[in-house]
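Working through the structure, step by step
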Amino acid sequence: MAEPAELQSGMLRGLNTQELDACQKLLQQISPDLDVDVAEIFDRVRAGKSLVQAMNLPDQTVDLLYAQALARFNAGDSHTAIPLFNALTLLAPQVRDHWLGLGICSRVLNKLPIAKLTFETAINISPQTAAPRFHLCEVLCQMKEWDGAKEQAAAFAQLPETPEKKSLSSEMKRLQTVIEVQSG
């Protein structure tokens, strides 16, 4: 598994030197209009600092945002939880539960392509855990992507037995029945 600093700098992964320089110049142009030096933050991220470190945020920022996002979701307010989960995926992209939260809220709001992408990201972060695979399978069923749903159900079955997998197993059996009926 990649180190957190590597994942944080992954926000810039895929950009070549010219593209990074162009981003930096653009940020320098807009920074004077903002209350924060965005170009300086960009430099820190480019140097491998996490976004939390680059922005000089208190260490407990991520935990407080996560608690707030969960509270809003648990109160049935996915609309206001989504921006918080979005912020969490930027501030701490290596945390599986941030992506799960964003995906579940997106699914609740019927934003299925976004939910699919976030669950795939959670699987990439934590491939041996059950929740992302279960939720991805569920979304794929909603999208009627039966082959993908079958693959996720099979991958779920191969995961090690954990309390998380055990708690999701009966729901996964229900999804497998739906998959079998729909895909013939």
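To start, this report covers the structure provided alongside it. All values reported here derive from a predicted model rather than from experimental measurement. (Residues numbered from 1 in each chain as written. Predicted model: local features only at pLDDT ≥ 70, side-chain atom pairs only at ≥ 80, totals over all residues. Heavy atoms only, no water.)

Overview of the packing of aromatic side chains
Taken as a whole and judged by the stated rule, the model has 1 aromatic pair. Arranged with centres 6.2 Å apart and planes meeting at 75°, the rings of Tyr 66 and Phe 85 form a pair that is edge-to-face. Here Tyr 66 is found in helix H5 (residues 61–74), whereas its partner Phe 85 is found in helix H6 (residues 78–91), with 19 residues between them in sequence. On the basis of relative accessibility, which here comes to 23%, the residue Tyr 66 falls in the partly exposed class. Over the aromatic face of Phe 156 sits the side chain of Lys 165, whose NZ or CZ is 5.7 Å from the ring centroid. (Phe/Tyr/Trp six-rings, centres within 6.5 Å; stacked < 30°, edge-to-face > 60°. Helix = DSSP H or I, 4+ residues; strand = E, 2+ residues; numbered from the N terminus. Buried < 20%, exposed > 50% of the residue type's maximum accessible area, 1.4 Å probe, protein only. Lys NZ or Arg CZ within 6 Å of the ring centre and 35° of its normal.)

A few points about helix H9 (residues 130–142)
Given a rise of 1.5 Å per residue, 13 residues ought to cover 18 Å, and the 19 Å separating the end C-alpha atoms of H9 matches this to within 8%. Judged by how many residues are buried, H9 sits mostly within the fold: 12 of 13 residues are covered. For H9, the full list of buried residues reads Ala 130, Ala 131, Pro 132, Arg 133, Phe 134, His 135, Leu 136, Cys 137, Glu 138, Val 139, Leu 140 and Cys 141. Buried residues belonging to H9 abut helix H7 (96–108), helix H8 (112–125), helix H10 (146–158) and helix H11 (163–183). Residue Lys 144 follows H9 closely and has a positive phi angle near 60°. (Expected span 1.5 Å × (residues − 1). Contact = heavy atoms within 4.5 Å.)

Points about unusual backbone geometry
The phi dihedral of Asn 110 falls on the positive side, at around 60°, and the residue is not glycine. Note that Asn 110 resides in the loop between H7 and H8. Residue classification places Asn 110 among the exposed residues on the basis of a relative accessible area of 55%. Within the chain, Lys 144 stands out as a residue other than glycine whose phi angle is a positive 60°. Among the structural elements, Lys 144 can be located in the loop between H9 and H10.

With respect to the pattern of salt bridges
Evaluation of the coordinates by the stated rule reveals 6 salt bridges. The closest approach of N and O atoms between Arg 96 and Glu 164, which form a salt bridge, is 3.0 Å. One end of the pair, Arg 96, is in helix H7; the other, Glu 164, is in helix H11, with 68 residues separating them in the sequence. On the basis of relative accessible area, Arg 96 is assigned to the buried category, the value being 16%. The closest approach of N and O atoms between Lys 116 and Glu 145, which form a salt bridge, is 3.0 Å. Highlighted residues: Lys 116 in helix H8 and Glu 145 in the loop between H9 and H10, separated in sequence by 29 residues. Take Glu 145: its relative accessible area is 30%, and that puts it in the partly exposed class. (Salt bridge = Lys/Arg side-chain N within 4 Å of Asp/Glu carboxyl O.)

Topic: the packing of H9 against H11
Look at H9 against H11: their axes get within 10 Å of each other, and the N-to-C directions meet at 20°. Compared by their axis directions, H9 and H11 come out roughly parallel. H11 is crossed by H9, and the crossing has left-handed handedness. Taking contact as the criterion, the partners of Ala 130, Ala 131, Arg 133, Phe 134, Cys 137, Glu 138 and Cys 141 in H9 are, on H11, Glu 164, Lys 165, Leu 168, Glu 171, Met 172, Arg 174, Leu 175 and Ile 179. (Axes fitted to C-alpha atoms, helices over the stretch in contact; angles between N-to-C directions. Parallel < 35°, antiparallel > 145°, perpendicular 65-115°, else oblique. Left-handed = near helix turned anticlockwise from the far one by under 90°.)

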